[in-house]
Number of protein chains: 2
Amino acid sequence: MTEQTIRFTRGIPAVESFTPDQLAECAKTVLTKYYETILQYAPSRGFQPLRQLLAERDGIDQQRVVLGQGSLELQDLLARVLLRPGQAVFVEAPSYDRTINILKRAGGQLTGFPIEPDGVNVDLVEAALKNDARPVLFYLIPDFQNPSGAVLSHIKRQRLIDLSREYNFWIVEDSPYRLLRYRGQPVPSMFELAPDRVLKMSSYSKLISPGLRVGYMVAPEAIAEQVAKWAEDTYINPSYLNQAIVYDYERRGWLEPHIDDLKSLYCPRLDAMLESLDRHMSGLAAWQKPEGGFFIGMTLNGDVRARDLLKRAEEANLLLTNGSSFFPNGGGDNFVRLPFCGLTPGEIEEGVARLASIVTTF
Amino acid sequence: MTEQTIRFTRGIPAVESFTPDQLAECAKTVLTKYYETILQYAPSRGFQPLRQLLAERDGIDQQRVVLGQGSLELQDLLARVLLRPGQAVFVEAPSYDRTINILKRAGGQLTGFPIEPDGVNVDLVEAALKNDARPVLFYLIPDFQNPSGAVLSHIKRQRLIDLSREYNFWIVEDSPYRLLRYRGQPVPSMFELAPDRVLKMSSYSKLISPGLRVGYMVAPEAIAEQVAKWAEDTYINPSYLNQAIVYDYERRGWLEPHIDDLKSLYCPRLDAMLESLDRHMSGLAAWQKPEGGFFIGMTLNGDVRARDLLKRAEEANLLLTNGSSFFPNGGGDNFVRLPFCGLTPGEIEEGVARLASIVTTF
């Protein structure tokens, strides 16, 4: 077969969204202005002006902000600081496969709670807590969840925060997609609702570039301190050059118009995905209809085994991620994550058409 | 007191050695040439052209090269891949304090072997092995060792390699200072002597800039594979921008003349330290006389307690590192690490004079 391979695999930004000339200009500026700091060893919390900018935006003390090499690594540091092997952790099911792995690697005993169109099923969470489950933390992606695309409703956010106070667990709010809302109104972030109970994580990977590896965490000061110490003991400090580039990009006022550009690029791709699904998958599956983010999560009707699905898709030059990897406690064989930002509308249409023709063979 | 504080603490490069304009030029070039790769998510082993360059230099397959965010983090990944809690690890005593911490954190049971003027005491190593010690690895800094400054002799390198074959342990050769030899002849690296038994680690932190966080490991392919997988599961990939900058710096032929500049800057500082020690510390201590690197390790005569020494030094505006932190099994109260690269000859003379006047109060 000579057809073009279509990759419904990883959630990567579109290469055409990158702004290398602007980044080179920022690099030049910060290497002139800050070279004595950014080329030397430095404190592990990260480049101070960027920490200050993020802290001011949230109205908090900058000691609560820790910058890292992408937010995933901060999750690893956090897991190693907060979790002891065997302790309970709550996550959504499905959830981000890499975080599931990190939490399990740290010895967490994970329980996944099903995702509904308005986010995780809080009744089941409450029942588990009443049934004596005692999680250390609940890892959530409330906005345009990876991999489902769901947005957690305001009322459910508040209920979860109330539960976190009653049962004394941390909420880890991972929000890399929050600013990529293509339509509709934002829901208050969990951090806004409870800055004392919520550890916020985010990054510039989806907004400027994943290759810069600039992520951040906002945590209560005692936890930020422990994470910073573990970070220092692991890598001394993250690359200040990259963090200074991001800071300069923000300082010049380039981020906001760039996010507008991203929305103009990605919204038609979301629409193409939704239209293609309507056209080809009606009656074959149920899917989320998100208003932003990178993904649409889909559940196929009927009996599908992930292994067979992936194999047949690959034969049709369509690459899929194994849906079960997003489920911490098994299942998910018939779950498909459809990323849409890194593909053109034409590729999306062709990919969904191929997927539909494969699914009908089951 | 209004005297200037003198920091005999961390081993940092001189700020005046940085070349920010050159680095900005490299950043501009790589952001033009490689932006599609370096701004995107990418394989965890790191920027391929730099891996290839390093592999060609060593005449090995590039799959054996893993680039990381500084070499310390690669040591952490390696420890998590190779070590199970409770397993034995050999190190030099003294050794690099951050690595000691990383190996202990991974559950390693560390045994330190004393450093002599020609490197670690191999007779004691052999005796321990004959006495049934079974280390997974031996972590060594053969060239201008941190913190002692010692260079391991050729004959001892070969004996250790023979022992590693007989008793089946890995040698981890950390060599960040190897190229900073200010006089005398280099000894073959352990990797050159046994590329199948030795895992080589190094970095550009002491050669270009620590702030770039570009380190690397050369390992047998199976270990490189496991480390790359653990790295991916931890931070997806390191920053390719920084690695591409380093690659471009090398490609332009800027590294070699820059290393010559470093030698011209640092050699007089080493000499200043050696002369100051002769002048002020004769009869009070014994010290290494290295021909390169960043440090001179010194052992004070008589009874000194590290805590008291640090306190009295601080009162004299002289900051020291706690010598005992370099010793994995205790001791080292009378050990002082003297870094000389980040200080001017004048600061070195003044610092040593202050140290001598403190030591005479014990």
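This text follows the structure it describes.
Counting restarts for each chain, with residues numbered from 1 along the sequence as it is written. Chains carry letters and ligands carry numbers; both start at the beginning, A for chains and 1 for ligands, and go up in the order they are written. Local features in this predicted model are restricted to residues whose pLDDT is 70 or higher, and side-chain atom pairs enter the listing and the counts only when it is 80 or higher, whereas totals over whole chains, interfaces and linings include all residues. With hydrogens and water excluded, all non-hydrogen atoms of the structure serve as input to the side-chain values.

> In this structure, what is going on with the interface of chain A and chain B? I would like to understand it.
Reports often express the size of an interface as the amount of accessible area lost when the parts come together. Tallying the contact residues gives 48 residues for chain A and 48 residues for chain B. By buried area we mean the combined loss of accessible area, with a 1.4 Å probe, across both parts when two parts are placed together. Summing the contributions of chain A and of chain B, the shared interface buries around 4,300 Å²; its carbon and sulfur component is 55%. Of all residues in chain A, L39(A), Y41(A) and R105(A) bury the most surface against chain B, accounting for 16% of the area lost on that side. Criterion for a salt bridge: a side-chain nitrogen of Lys or Arg within 4 Å of a carboxyl oxygen of Asp or Glu. Scanning the region where chain A abuts chain B turns up four salt bridges. By the convention used here, residues are in contact when the closest approach between their heavy atoms is within 4.5 Å.

> Quick question: what am I supposed to make of the sheet that holds strand β5 (residues 119-120) of chain A here?
In a beta sheet, neighbouring strands are held together by backbone hydrogen bonds and run either parallel or antiparallel to one another. All names here are of chain A. What makes two strands pair is DSSP finding at least two bridges between them. The helix count covers DSSP runs of H or I at least four residues long, the strand count covers runs of E at least two residues long, and both are numbered beginning at the N terminus. Strand order in the open sheet made by the eight strands is β2-β9-β8-β7-β6-β3-β4-β5, with mixed pairing throughout. Every interior strand has two partners, whereas the edge strands, β2 (65-68) and β5, have only one. Two strands pair when backbone bridges link them, and β2 and strand β9 (residues 215-218) are joined in this way by four bridges, in the antiparallel orientation. From the neighbouring strand, V66 faces β9, where its bridge partner is M217. Lines fitted to the C-alpha atoms define the axes, with helices restricted to the stretch that makes contact. Angles between their N-to-C directions range from 0 to 180 degrees. Here helix α4 (residues 71-82) sits on the sheet in contact with β2, β6 (135-140), β7 (170-174), β8 (198-203) and β9, set at roughly 150° to β8. Helix α7 (residues 154-167) contacts β4 (109-116), β5, β6 and β7 of the sheet and is inclined by roughly 145° relative to β7.

> Which parts of the structure should I look at to understand the relation of the copies chain A and chain B?
Superposing chain A onto chain B takes a rotation of 180° plus a shift of 0.0 Å along the axis, which leaves an RMSD of 0.0 Å. These values place the two chain copies in the arrangement generated by a two-fold rotation axis. In terms of C-alpha distance to the rotation axis, chain A has A27(A) as its closest residue, with the C-alpha 3.4 Å off the axis. Comparing contact sets, 100% of the residues at the interface of chain A also lie at the interface in chain B, consistent with an isologous, same-surface contact. A least-squares fit on C-alpha atoms brings the copies together, and the residues used are those whose pLDDT is at least 70 in both copies.

> How should the environment of S164(B) be read in this particular structure?
Residues and elements named next belong to chain B. By the secondary structure assignment, S164 is in helix α7 (residues 154-167). Judged by its relative accessible area of 0%, S164 falls in the buried class. Between the C-alpha atoms of S164 and Q87, which are 77 residues apart in sequence, the distance is 16 Å. Setting aside its immediate chain neighbours within four residues, S164 contacts F169, I171 and R197. Identification of polar contacts relies on pairs of N or O atoms within 3.5 Å, with a donor-acceptor requirement for protein atoms, meaning one able to donate a hydrogen and the other able to accept it, and with residues adjacent in sequence counted only if both atoms are side-chain atoms. Separated by 2.7 Å, the side chain of S164 and the backbone oxygen of I161 make a polar contact. Working definition: with a 1.4 Å probe on protein chains only, accessible area under 20% of the residue-type maximum means buried, over 50% means exposed, and in between means partly exposed.

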